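# Observations on the three-dimensional arrangement
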Amino acid sequence: MIDDKQTEENRSYMMGEIMFTIYTNEANLFTIARLNIHETNESAYEEDDIVITGYFGNLQEGVLYTFYGQLFEHKSYGLQYKVDQYETYVPKTEDGLIEYLSSDLFPGVGKRTATNIVEHFGEKAIERILDEPDRLKDVPRLNEKTGKSLLRILKEQRGFEQVAIKLTSYGLSLKMAQQLYKYYKEDTLSYIETNPYDFVLEVEGFGFPTADKIAEFNKIDKLDQHRIQASGIYALQNATLNGHVYLPLRECIDDMRKILRVPNVTDDVLIDHIATLDEEGKLVIFNEKVYLPSLHYAETSFSTHLKRLLEKKVTSQVKDEKLKEIIETSEEDESIVYGNDQFTAIKAAIHSKVMILTGGPGTGKTTVIKAILQAYASLNDLSLDVKEYTKRADYPFILTAPTGRAAKRLEQSTGIKAMTIHSLLGWDGHDVFEKNEYDRLSGKFIIIDEFSMVDTWLANHLFKAIPDHMQVLIVGDEDQLPSVGPGQVLADLLQTVHIPFVQLTEVYRQKDGSKIIDIAHSIKQNTCTENELKNASDFSFLKCNERQVLDAVTTVFERAVKKGYNPYDIQILAPMYRTEAGIHAINVSVQQFINPQSDHKREVHFNDLTYRVGDRVIQLVNQPEDKVFNGDIGKIVQIFRKNETEDKEEQIVVQYDETDVLYKRSDYINMMHAYCISIHKSQGSEFPIVILPVVKTYRRMLRKNLLYTAVTRSTQSLVICGDMDAFLTGIKQTDIKERYTSLKEQIANDFGDTDDDKVTFIEEVETPVKVEENLSEEDIVKEMMQNLVEFERYDVSPFDFEDNRMK
């Protein structure tokens, strides 16, 4: 407990009663409440009440609490008290304790019984009851039922407070204290003092350094077995952040030694502890590889379900002549002529249980997807119109993608409803997926777009839910960034021998004169040079140094808007957040131009950010309950003052494509400005105009797949601002550290592969696609071009800038 005299002399405190609670986040118990002040040592504060904020347990009105923290000035709501410790106020005298225990808080305890309790336990009765509950049976006139009730209420009242006080004395937050108490309740302190390292495994966000801090305070030995074992878990947790599914045993040992920082620990000792963790099911050792159990299960389960699907062969085979007839109808409808590789892809998808379609920009992946849908529907006498089905569940086609924006693009290009994988599977935001191996999806054909973004965990959940009879088309570009989560599922599947794949290589849109596509494919083929980066109608490279790039990016944005472009069609992409030319700085700069402060426009302040009506924002986490997901971009359409809402709390409303989402103040952390977003967040999206700053400050992030992903986000115009050498050096950086995955080996093992098996790459068709003899190649190209949507090209020259901006 905190020493009262020291607290009053050295720490700010406010003691009083809760008048009412303004807001509570049920998930993490962040609370805003108004306190009626009885006593405080904040001499500068003279009001009778104040708003307090913090992470609390169950605050009750009418109960006295002592809060420790500091005053702070809120930009909108004035002076508040931010709490970092608190406890129920318990009188320190015997008379005060008797009054406290005989109050309405403790039913069944009258004044005589309370007196007996205090006489039995003394002035520290509360602490002694909690420490020695068995002694309650010795209190005269206290029956067993009342004693149990008293103990339960004291534990509820004091349990979290004791944990919070103890943990905050270690430098931890009230929020983390709440997380720990959620898991361990009244046993939290005993676990903390004996083995804080278990929390590394059990509690999300509780890392090894946190456990180390607590262990050091409690003088736990540096070579304690729990510390050594926790270092193994922590090494694997860190590995997943780098995309790894496992660590080689040797590397896991080396990482553990770095974490432990104990020179005299031997390899044998570390291996023994890893083996113990394996025996306890806290990690998995297999073939000299060390896994977190969830990832080992995800890989093996995914492989099992892939094999299950592939064992159910497609029995109906369509002759080329019949397929050509169907495709010719599709060509007439779309006013195009399919190339050989596109026909190959259509044919393979129709005949394959699972197939992969890959290709860079302009190679016609979307065109092929539409043709596959039309061909499958025609061959199976099905309609693509959902309205012709009595129940939505009867619709035979499923279109899905990892992100909301990718799903929207797929829907727009095919005319068929698409949804995110998480929505498709009915994810609850935590651990539960409604669709799984026990309740699978309904339908006949599923198309999964942007599959390079799908990590090992999500791939497993999806394939578990795919029924035996369903055909699967996986679509992606293997040269884009891999998934943020662990694994590289698309890349691994492309190297297996059991899934046929077609790689579209011919660039059809290139004939339309797209410099962007030229650059993308030169990056893909490792042939991009400075000569390739010369300005064109849809591309500009504005050379500037690091001090100028922020101004240059903002100016390009300004000039595009002044030329009449919709600001929401312009997207700035950058690889880093916290540099002078990083995402945060760019967002502030562009906001000042595009959505400046106005007396006629509401705004709110949160941390160092200002949000205004009209601001473009991006969702940073999945909120399935609100049908908004990580990476979705929306617009602030309303800001409510606290006196305008039922909860008496400020709120922001953001409009997304399909829904409006209300954010309470505690939810603001789940979004940020989106004038500039990270390249990782942009994956799966396309934007008419992309502005891409590239400077040497970014050098540790600049890699071929990152820059390729950024370039291919643009559909109409691309403007790169920055250092030519930095860009050219970045696209040559292909030596990205290999991700440790074992999916290929797992699949090979499940299928009983031999060294003679080869990857199934379909290169050509038996019968080439029909081309009308009276049309020359030039005529075909012209016909295709006539049916392409024409966009006004956005061009900007370095000479458009004022001299002082570019010097």
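Residues numbered from 1 in each chain as written. Predicted model: local features only at pLDDT ≥ 70, side-chain atom pairs only at ≥ 80, totals over all residues. Heavy atoms only, no water.

## Some remarks on the overall build of the chain
What the chain contains, in helices and strands, is 29 helices and 26 strands. Taking all 807 residues of the chain together, 53% fall into the buried category. Across the chain, contacts joining residues at least 24 apart in sequence account for 68% of those joining residues at least 6 apart. Just so you have it, the chain exposes about 38,000 Å², and 46% of that area is on carbon and sulfur atoms. (Helix = DSSP H or I, 4+ residues; strand = E, 2+ residues; numbered from the N terminus. Buried < 20%, exposed > 50% of the residue type's maximum accessible area, 1.4 Å probe, protein only. Contact = heavy atoms within 4.5 Å. Areas by Shrake-Rupley, 256 points an atom, 1.4 Å probe, with all protein chains shown as cover.)

## Some remarks on the packing of aromatic side chains
Counted according to the given criterion, the structure contains 15 aromatic pairs. With a centroid separation of 5.8 Å and an interplanar angle of 25°, the aromatic rings of F208 and Y234 are classed as stacked. Note that F208 is positioned in helix α9 (residues 208-217) and Y234 in helix α10 (residues 225-241), a separation of 26 residues in sequence. Here F208 falls in the buried class, since its relative accessible area comes to 2%. Taking the relative accessible area as the measure of exposure, Y234 reaches 19% and is therefore buried. Here Y376 and F397 contribute two aromatic rings whose centre-to-centre distance is 5.8 Å and whose plane-to-plane angle is 80°, an arrangement assigned as edge-to-face. With Y376 in helix α16 (residues 365-379) and F397 in strand β10 (residues 397-401), this residue pair connects regions lying 21 residues apart in the sequence. For the pair shown, Y376 and F397 are each scored as buried. Three or more aromatic residues link up through ring pairs in this structure, and these residues are Y376, Y389, Y395, F397 and F445. Sitting above the plane of the Y246 ring, K289 keeps its charged end 5.5 Å from the centroid. When the ring centre of F751 is taken as reference, the NZ or CZ atom of K307 above it lies at 6.0 Å. (Phe/Tyr/Trp six-rings, centres within 6.5 Å; stacked < 30°, edge-to-face > 60°. Lys NZ or Arg CZ within 6 Å of the ring centre and 35° of its normal.)

## What about a negative patch on the surface?
A cluster of like negative charges, contributed by E94, D95, E119 and E123, occupies part of the molecular surface. For D95, the position within the fold is in helix α2 (residues 94-101). (Patch = residues over 30% accessible without salt bridge, like charges linked within 9 Å, V, L, I, M, F, W, Y side chains within 5 Å. Salt bridge = Lys/Arg side-chain N within 4 Å of Asp/Glu carboxyl O. Lys, Arg positive; Asp, Glu negative; His and termini not counted. Charge placed at Lys NZ, Arg CZ, Asp CG, Glu CD.)

## Describing the packing of helix α11 (residues 249-260) against helix α12 (residues 267-279)
Following both chains from N to C, one finds α11 and α12 inclined at 105°, their axes separated by 10 Å at the closest point. Between α11 and α12, the angle is such that the two are roughly perpendicular. Listed contacts from α12 to L249, R250, C252, I253, M256, R257 and L260 of α11 are D267, L270, I271 and I274. Grouping the amino acids of the contact of α11 with α12 by side-chain chemistry returns 8 nonpolar, no polar and 3 charged. (Axes fitted to C-alpha atoms, helices over the stretch in contact; angles between N-to-C directions. Parallel < 35°, antiparallel > 145°, perpendicular 65-115°, else oblique. Nonpolar A, V, L, I, M, F, W, Y, C, P; charged D, E, K, R; others polar.)

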